[in-house]
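Examining the three-dimensional arrangement
Each chain, letter by letter, is given below.
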Amino acid sequence: MNAIRRNGLGLVAWLAGVVFFLPIAWMALTSFHSEEDAATNPPSFAAALTLDGYREFFGAGGGASPWPSLINSAVASVASTLLVLLLALPAAYALSIRPVKKWTDVLFFFLSTKMLPVVAGLLPIYLFAKNTDLLDNIWLLVVLYTSMNLPIAVWMMQSFLAEVPVAVIEAARVDGAKLPVILARVVAPIALPGIAATSLICFIFSWNELLFARVLTGVVAETAPVFLTGFITSQGLFLAKVCAASLVISLPVLAAGFAAQDKLVQGLSLGAVK
């Protein structure tokens, strides 16, 4: 009976994986079709393959180059993720290993900041950026992404750091180690899977963010998602080129997830089994 149940759950998991993978496979296949074949309904899976969509995305047809936008997204995502980790690690340490009074209320306050709709804060942030000449500035996005991802990072890392043995920290303190040394050389290596999971989620959130980037940037600080929306024109939706652009813009996130998959699985399951 248990074997049948395990096999049934395995089959359900495989079916769910196939269902989630089909749109990505469809997008990848469409990106290698011509615009005429991509626009057919139902889609023609046996159509001839071509790289025209990728050539147009990279500016071969005289269009804008995507490289500045991709670099801006990389700078904003990586820099904000590093800042989030630098700020979230000591905060999570204070809430788990050295808990403050009413630390659960503090965690709830952090999480409550995510309950405000993003659009509700868009106008005051825009006015602030305009009055301080920070419009179309990539470092404004770095600060915004850091503030947006910091609450969820503190929440996640608090649960990860709660699994760090207190005896190891006490031993380091007896040996004369100060707090920065304890965080960098004792806590961080032990909680590395949780830190990797947190950093990957923050990177994905930053890379995919569109609303602030769309409103607060123009040409200089334009990010990859904003660049992608430029393919939806008044002449129509060029499906093959949009699929090619979407696939290319998704590759950094997929590559980061693949590179950190072992740490991600360990981090997300940390503390699941006592």
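Residues numbered from 1 in each chain as written. Predicted model: local features only at pLDDT ≥ 70, side-chain atom pairs only at ≥ 80, totals over all residues. Heavy atoms only, no water.

Notably, Asp133 is not glycine yet its phi reads approximately 55°, a positive angle. Along the chain, Asp133 falls in the loop between helix H6 (122-131) and helix H7 (138-161). Backbone geometry places Asp136, a non-glycine residue, at a positive phi of 60°. As for its position among the elements, Asp136 is in the loop between H6 and H7. Of the residues examined, Asp136 reaches a relative accessible area of 22% and is grouped as partly exposed. (Helix = DSSP H or I, 4+ residues; strand = E, 2+ residues; numbered from the N terminus. Buried < 20%, exposed > 50% of the residue type's maximum accessible area, 1.4 Å probe, protein only.)

What follows is about the UniProt feature "transmembrane region" (unreviewed entry) in the chain. UniProt's feature table lists "transmembrane region" (unreviewed entry) at residues 12-29, 74-95, 107-126, 138-161, 182-206, 212-231 and 238-260, given in the numbering used throughout. Measuring from the first to the last C-alpha atom of residues 74-95 gives 31 Å, for a span that is 100% helix and 0% strand. Secondary structure content for residues 138-161 is 100% helix and 0% strand, and the end C-alpha separation is 32 Å. (UniProt positions renumbered as here; feature names shortened; annotations may be inferred.)

Relative to the elements of secondary structure, Gln158 occurs in helix H7. With a relative accessible area of 10%, Gln158 lands in the buried category. Those residues in contact with Gln158, other than ones at most four positions away along the chain, are Ala92, Leu95, Ser96, Trp103 and Leu107. (Contact = heavy atoms within 4.5 Å.)

Here we take up the packing of helix H5 (residues 103-112) against H7. Relative orientation of the contacting elements H5 and H7 amounts to 145°, with a least axis distance of 8 Å. Handedness of the crossing formed by H5 with H7: left-handed. Each of Trp103, Leu107, Phe108, Phe110 and Leu111 in H5 lies in contact with H7, whose residues at this interface are Pro151, Ile152, Val154, Trp155 and Gln158. When grouped by side-chain class, the residues that make up the contact of H5 with H7 number nine nonpolar, one polar and no charged. (Axes fitted to C-alpha atoms, helices over the stretch in contact; angles between N-to-C directions. Left-handed = near helix turned anticlockwise from the far one by under 90°. Nonpolar A, V, L, I, M, F, W, Y, C, P; charged D, E, K, R; others polar.)

Among the structural elements, Ser34 can be located in the loop between helix H1 (2-31) and helix H2 (35-38). Among the polar contacts listed, one links the side chain of Ser34 to the side chain of Asp37, at a separation of 3.1 Å. Apart from the residues within four sequence positions on either side, Ser34 is in contact with Thr50 and Ala240. (Polar contact = N/O pair within 3.5 Å; in protein donor to acceptor, adjacent residues only side chain to side chain.)

What follows is about H1. With 30 residues, H1 extends 44 Å from end C-alpha to end C-alpha; this agrees with the ideal 44 Å at 1.5 Å per step. The axis of H1 is deflected most strongly, by about 35°, at Phe21, and proline Pro23 appears within four residues downstream. Burial within H1 is sparse, with just two of its 30 residues counted as buried. (Expected span 1.5 Å × (residues − 1). Bend = angle between axes of the 7 residues up to and from the residue.)

Moving on to a nonpolar patch on the surface. A surface patch of nonpolar side chains, about 520 Å² in accessible area, is lined by Phe58, Trp67, Ile71, Val75 and Trp139. Here the element with the most residues in the nonpolar patch is helix H4 (residues 67-96); it accounts for three residues. As for its position among the elements, Val75 is in helix H4. A relative accessible area of 31% means that Val75 is categorised as partly exposed. (Patch = residues over 30% accessible without salt bridge, like charges linked within 9 Å, V, L, I, M, F, W, Y side chains within 5 Å. Areas by Shrake-Rupley, 256 points an atom, 1.4 Å probe, with all protein chains shown as cover. Salt bridge = Lys/Arg side-chain N within 4 Å of Asp/Glu carboxyl O.)

The next subject is the nonpolar core. One finds Met157, Leu161, Ile169 and Val187 to be the most contacted residues of the largest nonpolar core, which totals 24 residues. At the level of secondary structure, the elements contributing two or more residues to this core comprise H4, H7, helix H8 (166-174), helix H9 (179-190) and helix H10 (192-208). For this core, the element with the highest residue contribution is H4, accounting for seven residues. Each residue touching Leu161, except ones within four places of it in the same chain, is listed here: Leu89, Ala92, Tyr93, Ser96, Ile97, Val187 and Ala191. If you look at the next biggest cluster of nonpolar residues, it comprises 15 residues, including Leu70, Trp207, Ala224 and Val242. (Core = buried A, V, L, I, M, F, W, Y, C linked by side-chain atoms within 4.5 Å.)

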